[in-house]
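# Structural overview for review
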Amino acid sequence: MKTIRVIDSHTGGEPTRVVLSGGPELGRASLAERRERFAREFDQFRSAIVNEPRGSDVFVGALLVEPEDSACAAGVIFFNNVGVLNMCGHGTIGLLVTLAHLKRIQPGAHRIETPVGVVTATLHENGEVSVANVPSYRKAKDVTVEVTGVGMVTGDVAWGGNWFFLVEQPGEPMTLANVERLTDLTWRIRQAINAQGFPEVDHVELLGPPQSPGAHSRNFVLCPGKAYDRSPCGTGTSAKLACLFADGKLKEGETWRQESIVGSCFDGAVSVVNGEIRPTIRGSAFVIADSTLILNETDPFCWGIR
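What you see is a predicted model; the values in this text were computed from it and never measured.

### Digging into the overall build of the chain
Helices and strands together make up the secondary structure of the chain, namely five helices and 16 strands. Scaling as 2.2 N^0.38, a compact globule of 306 residues should have a C-alpha radius of gyration of about 19 Å, and the chain matches this with 19 Å. For the C-alpha atoms alone, the extent of the chain along its principal axes is close to 50 × 45 × 35 Å. By sequence separation, contacts in the chain at least 24 residues apart represent 62% of the contacts at least 6 residues apart. Surface summary for the chain: the accessible area is close to 12,800 Å², and the carbon and sulfur share equals 48%.

### With respect to the pattern of salt bridges
One side chain can pair with another of opposite charge once the charged atoms of both are near each other. A complete count under the given rule lists 18 salt bridges for this structure. When the shortest N-O distance is used, the salt bridge between E128 and R282 registers 2.6 Å. With a gap of 154 residues between them, E128 in the loop between strand 6 (117-123) and strand 7 (129-132) and R282 in strand 15 (residues 276-283) connect regions that are remote in the sequence. Taking relative accessible area as the criterion, E128 reaches 26% and is therefore assigned partly exposed. R282 sits in the partly exposed class, given a relative accessible area of 29%. Note that R181 is salt-bridged to E172, the shortest N-O span being 2.7 Å. One salt-bridge network, held together by shared partners, links R138, K141, D156 and D247.

### Observations concerning unusual backbone geometry
Going from E52 to P53, the amide bond is cis rather than trans, its omega being 10°. Along the chain, P53 falls in the loop between helix 2 (43-50) and strand 3 (60-65). You will see that K103, though not glycine, has its phi angle at about 65°, which is positive. In this fold, K103 is placed in the loop between helix 3 (89-101) and strand 5 (108-114). Residue classification places K103 among the exposed residues on the basis of a relative accessible area of 68%. With a phi angle near 50°, Q169 is a residue other than glycine that sits in the positive phi range. As for its placement among the helices and strands, Q169 is situated in the loop between strand 10 (163-168) and helix 4 (179-195). A relative accessible area of 56% means that Q169 is categorised as exposed.

### Observations concerning the side chain of R17
Secondary-structure assignment places R17 in strand 2 (residues 14-21). A polar contact of 2.8 Å, which involves the side chain of R17, links it to the side chain of D8. Once residues lying within four places of it in the same chain are set aside, the contact partners of R17 are V6, I7, D8, I49, R54, G55, F59, V60, G61, A62 and L293.

### Looking at helix 1 (residues 31-41)
Residues of helix 1 that are buried include every one of L31, R34, R35 and F38, and no others. Each buried residue of helix 1 sits inside an arc of 105° when the element is viewed along its axis, so together they form one side.

### A short note on the packing of aromatic side chains
Applying the stated criterion across every chain, the model contains five aromatic pairs. Ring centres 5.3 Å apart and planes at 55° place the aromatic pair F38 and F79 in the tilted group. Here F38, found in helix 1, pairs with F79, found in strand 4 (residues 74-79); they are 41 residues apart in sequence, far enough to count as distant. Among the residues examined, F38 registers a relative accessible area of 1% and is labelled buried. Ring centres of F220 and Y228 lie 5.6 Å apart, and the angle between their planes is 25°; this geometry places the pair in the stacked category. Pair check on accessibility: F220 and Y228 agree, each one buried. An aromatic cluster is built from F38, F45 and F79, whose rings are joined through pairwise contacts. Sitting above the plane of the W163 ring, K139 keeps its charged end 5.3 Å from the centroid. Geometry around Y228 places R230 over its ring, the cationic atom sitting 3.8 Å from the centre.

Thresholds applied
- Residues numbered from 1 in each chain as written.
- Predicted model: local features only at pLDDT ≥ 70, side-chain atom pairs only at ≥ 80, totals over all residues.
- Heavy atoms only, no water.
- Helix = DSSP H or I, 4+ residues; strand = E, 2+ residues; numbered from the N terminus.
- Rg over C-alpha atoms; globule rule 2.2 N^0.38 Å.
- Contact = heavy atoms within 4.5 Å.
- Areas by Shrake-Rupley, 256 points an atom, 1.4 Å probe, with all protein chains shown as cover.
- Salt bridge = Lys/Arg side-chain N within 4 Å of Asp/Glu carboxyl O.
- Buried < 20%, exposed > 50% of the residue type's maximum accessible area, 1.4 Å probe, protein only.
- Polar contact = N/O pair within 3.5 Å; in protein donor to acceptor, adjacent residues only side chain to side chain.
- Arc of directions from axis to C-beta.
- Phe/Tyr/Trp six-rings, centres within 6.5 Å; stacked < 30°, edge-to-face > 60°.
- Lys NZ or Arg CZ within 6 Å of the ring centre and 35° of its normal.

This is the structure we're talking about:
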């Protein structure tokens, strides 16, 4: 039997499971190379941590690793129910709160190394976390695709640490009661945008009118494994901010409040550093469990249900 210590948190309703010990040894290459090795050689470990029966489709895992850059407080590889991720905004917020829970960090700014670069995450005195994300940008504006059973849909392809196709006013109610229809719509949109020359897009973000006071929009984000994001999605909000700034609809330093489909909110803003758009996302996370997972190879579902 093998034991794995994990701490679970949620950020705006979206769970993060941080693997503290018992994970695979990935060496000391770059985080990008270690991410690829994790995906190539340890996919069953990924599945065991986040898939049923120990997890669920919505779980995001965060494997703590030694950073290549000694100035960083931690290195992390994010993963979900179908594979590895490039970056995860809500997961970084959850990671900071977890490290604070363990008394490994104090309030202040902390550099976190990810496979797509170093981000600076700040733990505030009130427990909130802000993440200065990787440079974000729009790759293509007003891309129109024909979606099976829906018709023509127009949106922007943008990078916020992951690749997104952002669609405004999708014509569906942005409510929890409508999640099944929103999931079906975004899955069809993803297939269409992938087929039209953007195979890198693995997240689809719908944006509509907000319901919370002070929010600027409400979103529904479909993640790569067909689960929807309960949080406003840190990388998705970053992609949205980059598009807003490029269109002149958001000024540098101006706050944009993004609401999720469950009503949780992130506050976002952009700064321009060396000509690059650097979004900052601020939100809250809460630790909900400190557990030891048991991997027993005589269990037919030891490595998860895939």
